[in-house]
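# Understanding the architecture of this molecule
So you can see what is in the structure, the chains are spelled out below.
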Amino acid sequence: MEIEPLRDIVIIVSGLVVTLVALFVAVISFSLYRKANSILKSTMAAAKKIEEVGKPLLQAAGFLQGITCGILAMGKIFKKRSK
């Protein structure tokens, strides 16, 4: 048996194997993409809800901190005058 037919068979089989592996990798990659995309969408929705709840809380905290700083500043002013 000559080597040329064996070489041709090896090339054909290798081409088929590479094609099947590439197809398998593409299917797995697409499946992972869809799962990651759905996880990302649900994470974005949760982050939006947290932002909606957190925004008024941050505004209230800033308002209270401003009042506290104002009271402390007034206390320092009146302390200096009484001395």
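Details of the structure are given in the entry above.
Structural notes, computed from the coordinates. Because the structure is predicted, anything quoted here is derived from the model rather than measured. (Residues numbered from 1 in each chain as written. Predicted model: local features only at pLDDT ≥ 70, side-chain atom pairs only at ≥ 80, totals over all residues. Heavy atoms only, no water.)

## Let's talk about the overall build of the protein
Helix and strand counts for the protein come out as one helix and zero strands. Relative to the compact-globule value of 12 Å for 83 residues, the protein shows a C-alpha radius of gyration of 34 Å, a clear excess of over 25%. Within the span of the protein, comprising 83 residues, buried residues form 0% of the whole. Carbon together with sulfur atoms contributes 74% to the accessible area of the protein, which is approximately 7,900 Å² in total. Charged side chains of the protein number 12 positive and 5 negative; the gap between the two group centres comes to 43 Å. (Helix = DSSP H or I, 4+ residues; strand = E, 2+ residues; numbered from the N terminus. Rg over C-alpha atoms; globule rule 2.2 N^0.38 Å. Buried < 20%, exposed > 50% of the residue type's maximum accessible area, 1.4 Å probe, protein only. Areas by Shrake-Rupley, 256 points an atom, 1.4 Å probe, with all protein chains shown as cover. Lys, Arg positive; Asp, Glu negative; His and termini not counted. Charge placed at Lys NZ, Arg CZ, Asp CG, Glu CD.)

## Description of the pattern of salt bridges
Enumeration according to the criterion identifies one salt bridge in this entry. Of the charged contacts in the structure, one is a salt bridge between R7 and D8, with a shortest N-O distance of 3.4 Å. Looking at D8, the relative accessible area reads 36%, which means it is partly exposed. (Salt bridge = Lys/Arg side-chain N within 4 Å of Asp/Glu carboxyl O.)

## Observations concerning a nonpolar patch on the surface
Together, I9, V13, V17, V21, F24, V25, I28 and L32 make up a nonpolar patch on the protein surface, roughly 730 Å² of accessible area in all. Checked against the element boundaries, V13 lands in helix 1 (residues 3–82). (Patch = residues over 30% accessible without salt bridge, like charges linked within 9 Å, V, L, I, M, F, W, Y side chains within 5 Å.)

## Considerations on the environment of T19
Within the secondary structure layout, T19 lies in helix 1. C-alpha of T19 to C-alpha of Q59: the two residues are 40 residues apart in sequence and 58 Å apart in space. At a separation of 2.7 Å, a polar atom in the side chain of T19 contacts the main-chain carbonyl oxygen of G15. (Polar contact = N/O pair within 3.5 Å; in protein donor to acceptor, adjacent residues only side chain to side chain.)

## With respect to the environment of A47
Mapping A47 onto the fold places it in helix 1. Each C-alpha atom of the pair A47 and V18 lies 42 Å from the other, and the pair is 29 residues apart in sequence.

On their own, these measurements won't tell you what the molecule is for.
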